[in-house]
Amino acid sequence: MKIIAFTSLILSSLFFAQTTVPDDYRKIPNILDTTEYLYPFIVPDKDYGYWRILTNDTDPEKAVIYESQMPDFMTINEPLPQKGFFQKCIGNRCFSYILACKKERSVYFSSEQQLRDFIGTVDNLPEAILLAQTYGFSVDTGDKAGSSYKIEDRHINLYLSKSKGCPEIRESYFIKINRKNGKLESKNNGVYFKSEDCNTSSQTDSK
């Protein structure tokens, strides 16, 4: 029995050792784990006179997350989108979308792919994190295995996290983003965190 327990401990240690982050990677600043703080860093791929990020909140003032400089005149005739990116639930304030103004006409971006198209070339770290979030990755500020980066001339490399299950399991992913076209490649580095408890109520609240 002791041999089995010892072997299990060794295997577990080896399993978690796979998530080691290289020394030349820096930790992602804690503030960048919040999606709303990433939007101001977007440099759109095309020239828009005005753009803003909104949620589907019924209150127009509360709906705005971020907006660039308001133009003198803008008429919005198109109906609001029924779905958006980062869909969390069904109902009020459950998703986000972009409203942009180009040549005095309004344009909507309301899916993960359209958000990627809006970002276009990846100019900075917040854009890279936002793009990775459209593929289901997230920043885990509690561990470098889920919160590290290195910026190169042609690529931005990240170590981000994906969580699943109950009890929760967090897996580390190495992500390589082409700065020119936004193409993302990922590799699973294994589990780096495993919860002992299963709190279903907190999971329900977070959805």
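See the structure above.
Here is what the cut-offs are and how they apply
Residues numbered from 1 in each chain as written. Predicted model: local features only at pLDDT ≥ 70, side-chain atom pairs only at ≥ 80, totals over all residues. Heavy atoms only, no water. Helix = DSSP H or I, 4+ residues; strand = E, 2+ residues; numbered from the N terminus. Buried < 20%, exposed > 50% of the residue type's maximum accessible area, 1.4 Å probe, protein only. Contact = heavy atoms within 4.5 Å. Axes fitted to C-alpha atoms, helices over the stretch in contact; angles between N-to-C directions. Parallel < 35°, antiparallel > 145°, perpendicular 65-115°, else oblique. Left-handed = near helix turned anticlockwise from the far one by under 90°. Nonpolar A, V, L, I, M, F, W, Y, C, P; charged D, E, K, R; others polar. Pairing = 2+ DSSP bridges. Arc of directions from axis to C-beta. Disulfide = S-S within 2.5 Å.

Details of the overall build of the protein chain
Along the protein chain, the regular secondary structure elements total five helices and nine strands. Listing every helix and strand of the protein chain by position from the N terminus yields α-β-β-α-β-β-β-α-α-β-β-β-β-α. Classification of the 207 residues of the protein chain by burial places 37% in the buried group. Taking the intrachain contacts of the protein chain between residues at least 6 apart in sequence as the baseline, contacts between residues at least 24 apart amount to 57%.

Description of the packing of helix H3 (residues 112-119) against helix H4 (residues 125-133)
For any two helices packed against each other, one specifies the inter-axial angle together with the distance between the axes. Packing of H3 against H4 brings their axes to within 10 Å, and their N-to-C directions diverge by 160°. In terms of orientation, H3 lies roughly antiparallel with respect to H4. When you trace H3 past H4, the crossing you get is left-handed. For the pair formed by H3 and H4, the contact residues are Leu115, Arg116 and Ile119 on the first element and Glu127, Leu130 and Leu131 on the second. Of the residues in the contact of H3 with H4, the class split is four nonpolar, no polar and two charged.

Some words on the sheet that holds strand S8 (residues 169-178)
Each strand in a sheet pairs with its neighbour through backbone hydrogen bonds, running either in the same direction (parallel) or in the opposite one (antiparallel). Spatially, S1-S6-S7-S8-S9 is the arrangement adopted by the five strands of the open sheet, whose pairing is antiparallel. Because the sheet does not close on itself, it has two edges, and the strands there are strand S1 (26-27) and strand S9 (184-194). With two bridges joining them, S1 and strand S6 (residues 148-151) adopt antiparallel strand pairing. Across the sheet, Lys27 pairs through a bridge with Ser148, a residue of S6. Here H4 sits on the sheet and contacts S6, strand S7 (155-164), S8 and S9; the angle it forms with S7, its principal contact strand, is near 40°.

Description of H3
Of the positions making up H3, those classed as buried are Leu115, Arg116, Phe118 and Ile119. Seen along its axis, H3 keeps its buried residues to an arc of 160°; they face one direction. Contacts made by the buried residues of H3 are with strand S2 (50-55), strand S4 (96-102), strand S5 (105-109) and H4. Count one or two residues on from H3 and you reach Gly120, which has phi positive near 65°.

Focus: the sheet that holds S2
Read from one edge of the open sheet, four strands run S3-S2-S4-S5, paired in antiparallel fashion. One side of each edge strand has no neighbouring strand; the edge strands of this open sheet are strand S3 (64-67) and S5. Adjacent strand axes in the sheet meet at a mean angle of 20°, parallel and antiparallel pairs treated alike.

Some thoughts on the environment of Ala145
Counting through the fold element by element, Ala145 comes out in the loop between H4 and S6. In the structure, Ala145 is positioned 124 residues away from Val21 in sequence and 6.1 Å away in space, judged by C-alpha atoms.

Details of the state of the cysteines
Disulfides are covalent bonds that connect the sulfur atoms of two cysteines. Tallying each qualifying case throughout the model produces two disulfides. With its sulfur 1.9 Å from that of its partner, Cys89 forms a disulfide with Cys94. Linking Cys89 and Cys94, the disulfide has an S-S dihedral of approximately -95° and is accordingly described as left-handed. The partly exposed category is assigned to Cys89, whose relative accessible area is 29%. Disulfide connectivity for the protein chain, with bonded cysteines indexed by sequence position, reads 1-2, 3-4.

Remarks on unusual backbone geometry
Looking along the chain, the bond that leaves Cys166 and enters Pro167 is cis, with omega of 5°. Positive phi is not limited to glycine here, since Phe86 has a value of about 55°. In this structure, Phe86 sits in the loop between S3 and S4. On the basis of relative accessible area, Phe86 is assigned to the buried category, the value being 18%.

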